Amino acid sequence: MVGEIGTLLIGLSLAVALYTAYAAWRGIHLSAAPVTAALGKTWLHSAQNATNALTALLGVALLMLLLAFLTDHFEISYVAQHSSTVIPVYLKISAVWAGQEGSLLLWCFLQALFAALATGRASERARPLVPWATVFLSLTTAFFVAVTFFLSQPFTLLPQVPLEGRGLNPLLRHPGMIFHPPALYVGYVGLAVPFAFAMAALITRQIKEWTAAIRTWTLIAWLGLGLGLLLGMRWAYDVLGWGGYWGWDPVENAGLLPWFTATALLHGAVMQEEKRGFHVWNMLMVVFSFALVLFGTFATRSGMIQSVHAYAVSNLGGYFLTAIAVTVVGSLALLYTRRAALKDASATVENLLSRDGMFFLTLALFCTLTLSVLVGSLLPTLTEVFAGQRFEAGPAWFDRVTGPQFAVLILVIGLCPLLGRGVAALKRLRQLRWVVIGGAVVVPVVAALAGFTDVFSLIGFAISGFAGAATLAEFVDGVITRRKRTNEAPLNALWHLLRLQRRKYGGYLVHLGVILMALGIIGTRMYPFEVQTTVNAGQATTVQGYTLIFEELKSDFVADYNTTWANVSVYRGATYLTTLQPRLNRYTGTEQTITVPALHPDLREDLYLILSGWTSDGATATFKVVINALVNFLWLGGLIFLAGGGLALWPRMENRTWNGVALIVGLVLLLGAGWAMWGMSHGSVNYGGGRPLVGQDAPDFRLSLLDGETVSLKSLRGQIAVVNFWATWCPSCVDEMPDLQEAWEAYRGRGVTFLGVAYQDSETTVRSALVQYDTTYPVGLDTGDRIAKQYGITGIPETFIVAPDGRVAYVHVGPITAAALSAQLDSLLK
Amino acid sequence: MSLGSIFVGLAIAVMVIAYIVRPFRTASGAAAARTDKLIEAWVRAAPGATPGAKDTDAPVSVAVPAPTVAATPIIVPQVAPPSAAALSAAVNFCPQCGRRVTADYRFCPGCGALLPHEEGASSGDVA
Amino acid sequence: MQNKTTFIVAGLLIIAAVVYLIISSTGSTAQFFVTVAELNAMGDEAMQRNITVSGAVLGETIVYDAMAPRVTFTILNVPADPKEVERRGGLAQVLHDAVMDPTGPRLEVIYNSVKPDLLQNEAQAIVRGKMGADGRFYADELLLKCPSRYEEEVPAQAGD
């Protein structure tokens, strides 16, 4: 029944959406004549009600799908494909948008919600545009609902109810994947709002005010897209296991392209609101943003773009293509008919070397970037048509084409605050010349000292330093100026500055974030490092200053997958850093395997370890080691970027409590994200110490023996010490006790001491075990697991033989035999 | 399609439709009366409204100008704007529907068309 | 007026620069995107350039040496034109047909890295690399798409 009601709701939504468009259109025409104005208002009121109803209908449909997942309604085919009884609740929720049908339903709901909010709660400035905007928004919603209802039903039933679902695609079981699609959709759907209002502005010839009218919506959409892209990058980095975060895959580009045009629109809007023109440009940007959104959805669902990311070739391609064509052609035609009004409105821009000029450059560059990435994504088709041979644009192509453009953009970020309007412009540049030159010099020098010496990267660092210095100077200057007036403490001044000029300083924060991200991109792209290495258990290998010891291979069974991982201790020189546990998971439901990388983040780079393969006896394993230089600047920059966007979005509030709450919530979110990235372990475990290498000094410890005495390892210098970690609850440890006793009796008095360290055990059980096995060598309890941590114990039993000079001579993991002990001791005693 | 689903679906549809047509039902009463009053106010809002003709209950039709107005001195230079009496006295026809109107009407009470006015007062932009 | 010209000139310069970047990159770093049949027909010319070739994986030919690590497998011809693919019944069908056809053009691929999880029978492989003198294809990059038993998006794990 759940499924049937859901389908009915979607069908009803289609009817309501079409009615909304009609009602709004009718209302507009009736309002034109004074006699029928009141009737017109009634129709518009009805349209608004219909918009609200549409939101409710689609919301309930989405809720029903969610409920179906939470209650394991496997008779619904979509639920059976993406869920199972064993996956945790939070993953069941994100499974709702794991596939095409569900994600389309989410899209429809968001579309209706945004339409209702944008038209129902429109600002004063926006209100005249609302009727026509309603028409366009409801038509868009109708299109997506029609596609969902006729071509991509989420609620189709299976003829037989399976007992268990297929389970969520393991690649999607990552927190990033829970938020990545919704964030992206907020961006995609959100861009429909500026588009609708822009078209309304064109039709009613009120072309000056529209950017200000929907400023908040444009910002929300832009930020949503940005968040979606960042989450996607982090997900790729954590989960896909190839060491990178962006592959210039056409599906990735599909999200990037509208983000470019939306950024251009944001900047153009600033100019338009300051009465400095850019009207035509903004119109074009909004049209192309929306068209690229449709194009993006189309590209991922048709066979037109070869990509391993794409959805299977589906029947939706043609319909989206038609929609794109209609949108672009219609909008451009409308633009053409209003060209006179647009030309009147445009102001003239004066100097290229001014703030306006910088905005012009910004828009121009984002346009060329959009074009470049579009050409790159379509290169096979284009080259086949023009050159007769299909070429494909790989990452190298994209880096080469977009790299210089990004570099110039960063330069513009730095120049813009320095160039005011007119003559004052150069004065400011002169005032700050030392600051910006300093930035442009310090950063490359620091980088070069840290080992980054490639010339092009140094140029990139210089530009970034310059831009960063210029942007930071804006903050400092703002605080100083304010303090001159109000004499506040610097921090107070900063707080008020941020509070009162949210758009300006939010924008500067975003710029700072972008500059940091640029540093990360330069590091990872220009200093790639990757190596494959095969190691035996217990062996060490050195990579770029890190020493990696593959200790052992382990296996376990969790929920619906089998996991195998390797314990790899990581040292820098002699200092223990962490133990990485790269793993391979084999899922029983879908027969899929995924590699889960382990990484150790650092300011300078990330050590990224992947378990590739192993022999069946676990004695040898192959690893892929990737060093990602400066990658954490990318993530840090991303957080600052989001913080800036959030600040820009925050409405003007005089209420201190609300502002305070917002600040705290924002900080908590940022800290939470930071903790998720750098605080949480990504496959790394800190055992307090790695297993000491053969040849290294054995860590000193003090062991309280059962007979009351305390012995320290240091005091045993000059003798051979056999240190055995064991416990009574461990069967293999118990098995080896007779062997140990035998060896003790044979070698005691020949300069050999045995020490038994009981791990997580109790005195009574230990004592009785000693009695049972006639163990006479000294044994003590390792209270607080202190000694185990020093020796990097990951399991028991483990035996260490320490030579008379205090260095580790032999390590044995697992139960040891008397014969093996004898052999080792004999060779040491020679 | 189970019966239960059909019932629930119908119930939801009915509720939604009721909500959507609500404005039409509430509007028809109050809004119509308001519209009538508005039209009347416009129609009567010529410069210097005729006193005595302010009877709002009277049907809005071509009214015979009140004879009391004749008491006001009409000896005015020609440059002065036509007095209310003059306006009330002049009879025009609506260019759109042909109805008889007097010059002090700005809008035709029959078809709502804007009546051409010497003083050039425009209807004002509904910006 | 003079200022307007500056802007137009600046705009044109930027466009020219970007066009130059695009064309020169296509000339040097872009890869030939071919099918197995096209690659076999190219002959010696294939050895000069970076090539991207796509095909269907023949599962029984997958040989994996975990210690090297190296994986060798054979891919079979799959048409590149999406319309052709649609005509023949969709990508899954085309992949299946390719694998079932014993006479179709084939290419042996050598990939010196870990075996990707998605390398299985009837998977669609997109291989980037160079043609060797021995007639085998030496891959630098291997991208795989899961066979369309799963009808929805399954992002592949790229091997680099």
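Owing to the predicted nature of the structure, the values given are computational and were not obtained by experimental measurement.

Conventions we followed
Every chain's residues receive numbers from 1 upward, in the order its sequence appears when written. Each chain takes a letter, starting from A, and each ligand takes a number, starting from 1, following the order in which they are written. Local features in this predicted model are restricted to residues of pLDDT 70 or higher, and side-chain atom pairs are both shown and tallied only at a pLDDT of 80 or more, whereas totals for entire chains, interfaces and linings draw on every residue. Only heavy atoms go into the side-chain values, all of them from the structure, while hydrogens and water stay out. Whenever a carboxyl oxygen of Asp or Glu lies within 4 Å of a side-chain nitrogen of Lys or Arg, that contact is scored as a salt bridge. Burial status follows relative accessibility: with a 1.4 Å probe on protein chains alone, a residue under 20% of its type maximum counts as buried, one over 50% as exposed, and anything between as partly exposed. Only runs of H or I of at least four residues qualify as helices and only runs of E of at least two qualify as strands under DSSP, and these elements are numbered from the N terminus. Note on method: axes are straight lines fitted to C-alpha atoms, helices fitted across the in-contact stretch only, with angles between N-to-C directions ranging 0 to 180 degrees. These descriptions rest on fixed angle ranges, namely under 35 degrees for roughly parallel, over 145 for roughly antiparallel, 65 to 115 for roughly perpendicular, and the rest for oblique. Each crossing is labelled by how the near helix is turned from the far one, with a counterclockwise turn of less than a right angle marking it left-handed and a clockwise turn marking it right-handed. For this scheme, ten residues count as nonpolar: Ala, Val, Leu, Ile, Met, Phe, Trp, Tyr, Cys and Pro. Four count as charged, namely Asp, Glu, Lys and Arg, and the remainder, Gly too, count as polar. In this description, contact between two residues means that some pair of their heavy atoms is separated by no more than 4.5 Å. Accessible area, probed at 1.4 Å, shrinks when two parts are joined; the buried area is that loss added up over both. As used in this structure description, the phrase polar contact means that two N or O atoms lie within 3.5 Å; if the pair is within protein, one of them must be able to donate a hydrogen and the other to accept it, and residues adjacent in sequence are counted only when both atoms belong to side chains. Nonpolar cores were defined as sets of buried Ala, Val, Leu, Ile, Met, Phe, Trp, Tyr and Cys residues, with membership established by side-chain atoms within 4.5 Å. Here a strand pair is declared whenever DSSP counts at least two bridges between the two strands. When charges are counted, neither His nor the chain ends are considered; positive counts come from Lys and Arg and negative counts from Asp and Glu. Domain borders in the structure are assigned automatically or taken from a domain database. Cysteine sulfur atoms are paired as a disulfide whenever they come within 2.5 Å of each other. Confidence per residue, as judged by the predictor, is encoded in pLDDT with a range of 0 to 100.

1. Overview of the pattern of salt bridges
If the charged atoms of two oppositely charged side chains come close together, the side chains can form a pair.
Moving on, step 1. Going through the model one piece at a time under the given rule, you end up with 17 salt bridges over all chains.
Moving on, step 2. The residue R127 of chain A makes a salt bridge to E124 of chain A at a minimum N-O spacing of 3.0 Å.
Moving on, step 3. Overall, E124 of chain A belongs to the exposed group, its relative accessible area being 61%.
Moving on, step 4. One salt bridge connects E141 of chain C with R128 of chain C, and the closest N-O pair in it is separated by 2.8 Å. Linking E141 of chain C in strand 6 (residues 137-145) with R128 of chain C in strand 5 (residues 124-131), this pair joins segments that are 13 residues apart in sequence.

2. Describing the packing of helix 1 (residues 2-32) of chain A against helix 2 (residues 37-70) of chain A
All names here are of chain A.
Moving on, step 1. Look at helix 1 against helix 2: their axes get within 8 Å of each other, and the N-to-C directions meet at 160 degrees. By the angle between their directions, the pair helix 1 and helix 2 is classed as roughly antiparallel. Helix-helix and strand crossings are classified by hand; for helix 1 and helix 2 the assignment is left-handed.
Moving on, step 2. A class-by-class count of the residues in the contact of helix 1 with helix 2 yields 26 nonpolar, 8 polar and 2 charged.

3. Some words on the interface of chain A and chain B
Moving on, step 1. Between chain A and chain B, the residue contacts involve 20 residues of the former and 19 residues of the latter.
Moving on, step 2. Roughly 1,600 Å² of surface becomes buried between chain A and chain B when both sides are summed, with 78% attributable to carbon and sulfur atoms.
Moving on, step 3. When the buried surface of chain A facing chain B is broken down by residue, E4, T42 and N49 of chain A rank first, second and third, together holding 27% of it.
Moving on, step 4. Where chain A touches chain B, the interface holds 0 salt bridges.
Moving on, step 5. Where chain A touches chain B, the interface holds 5 residue pairs in polar contact (both at pLDDT 80 or more).
Moving on, step 6. For the side of chain A that touches chain B, the elements supplying multiple residues, two or more each, are helix 1 and helix 2 of chain A.
Moving on, step 7. Residue contributions to the side of chain A that touches chain B peak at 10 residues, all from helix 2 of chain A.
Moving on, step 8. Across the side of chain A that touches chain B, the residue classes tally to 14 nonpolar, 5 polar and 1 charged.

4. What to know about the nonpolar core
Moving on, step 1. Counting residues in each nonpolar core, the largest one holds 205 residues, and the members touching the most others are L39, V53 and I75 of chain C.
Moving on, step 2. Once residues within four sequence positions are removed from consideration, V53 of chain C is found in contact with V34, T35, V36, L39, I75, L107, A125, I126, V127 and F137 of chain C.
Moving on, step 3. If you look at the next biggest cluster of nonpolar residues, it comprises 47 residues, including F701, C730, F754 and L770 of chain A.

5. Remarks on the sheet that holds strand 17 (residues 779-782) of chain A
Residues and elements named next belong to chain A.
Moving on, step 1. Reading across from one edge, 17-16-15-18-19 is the order of the 5 strands in this open sheet, with mixed pairing throughout. Edge positions in the sheet fall to strand 17 and strand 19 (808-813), since each has one partner strand and no second. Within the sheet, the average angular offset between the axes of one strand and its neighbour, ignoring direction, is 20 degrees.
Moving on, step 2. As paired elements, strand 15 (residues 720-726) and strand 18 (residues 798-802) share 5 bridges and run antiparallel to each other. Residue V722 lies in a different strand from strand 18, and its bridge partner there is I801.
Moving on, step 3. Helix-sheet contacts for helix 25 (residues 731-747) involve strand 15, strand 16 (752-759) and strand 18, and the interaxial angle to strand 16 is about 160 degrees.

6. Quick word on the side chain of D761 of chain A
Residue and element names in this part refer to chain A.
Moving on, step 1. Within the secondary structure, D761 sits in the loop between strand 16 and helix 26 (763-772).
Moving on, step 2. One buried charged residue, D761, forms no salt bridge at all, with the nearest opposite charge on R767 at 12 Å.
Moving on, step 3. Not counting chain neighbours up to four residues away, the residues in contact with D761 comprise A727, T728, W729, V766 and L781.

7. Considerations on the domain arrangement of chain C
Residue and element names in this part refer to chain C.
Moving on, step 1. Domain annotation for chain C reports domain 1 (1-30) and domain 2 (31-145).
Moving on, step 2. With centres defined by C-alpha atoms, the gap from domain 1 to domain 2 works out at 38 Å.
Moving on, step 3. Between domain 1 and domain 2, the contact holds 5 residues from the first and 4 residues from the second.
Moving on, step 4. Carbon and sulfur atoms supply 19% of the area buried between domain 1 and domain 2, which totals about 230 Å² over both sides.
Moving on, step 5. Considering only the surface of domain 1 that becomes buried against domain 2, G27, T29 and A30 emerge as the three largest contributors, covering 90% of it.
Moving on, step 6. Summed over the shared surface of domain 1 and domain 2, the number is 0 salt bridges.
Moving on, step 7. Scanning the region where domain 1 abuts domain 2 turns up 0 residue pairs in polar contact (both at pLDDT 80 or more).
Moving on, step 8. Tallied by class, residues from the side of domain 1 that touches domain 2 come to 1 nonpolar, 4 polar and no charged.

8. Brief notes about the environment of F290 of chain A
All names here are of chain A.
Moving on, step 1. One can find F290 in helix 12 (residues 279-299).
Moving on, step 2. Among the residues examined, F290 registers a relative accessible area of 5% and is labelled buried.
Moving on, step 3. Taking the C-alpha atoms as reference, F290 lies 8.8 Å from P194; in sequence the two are 96 residues apart.

9. Thoughts on the state of the cysteines
All names here are of chain A.
Moving on, step 1. Applying the stated rule across the entire model yields 1 disulfide over all chains.
Moving on, step 2. In this model, C730 is linked to C733 through a disulfide, with the two sulfur atoms separated by 2.3 Å. Its S-S torsion of about 85 degrees marks the bond between C730 and C733 as right-handed, since a negative value means left-handed. Note on accessibility: C730 and C733 belong to one class, buried.

10. Examining the confidence of the model for chain C
Caution applies to low-pLDDT regions: their predicted coordinates should not be interpreted in detail.
Residues and elements named next belong to chain C.
Moving on, step 1. Overall, the prediction assigns chain C a mean pLDDT of 79, with 88% of residues at 70 or greater.
Moving on, step 2. For chain C, the element scoring lowest by mean pLDDT is helix 3 (residues 82-87), at 75; strand 4 (residues 106-111) scores highest, at 91.
Moving on, step 3. In this model residues 148-160 is a low-confidence stretch, pLDDT under 50, and it forms 52 contacts with partners more than four residues away in sequence or in other chains.
Moving on, step 4. Interface scoring of the predicted complex returns ipTM 0.73; its pTM is 0.79.

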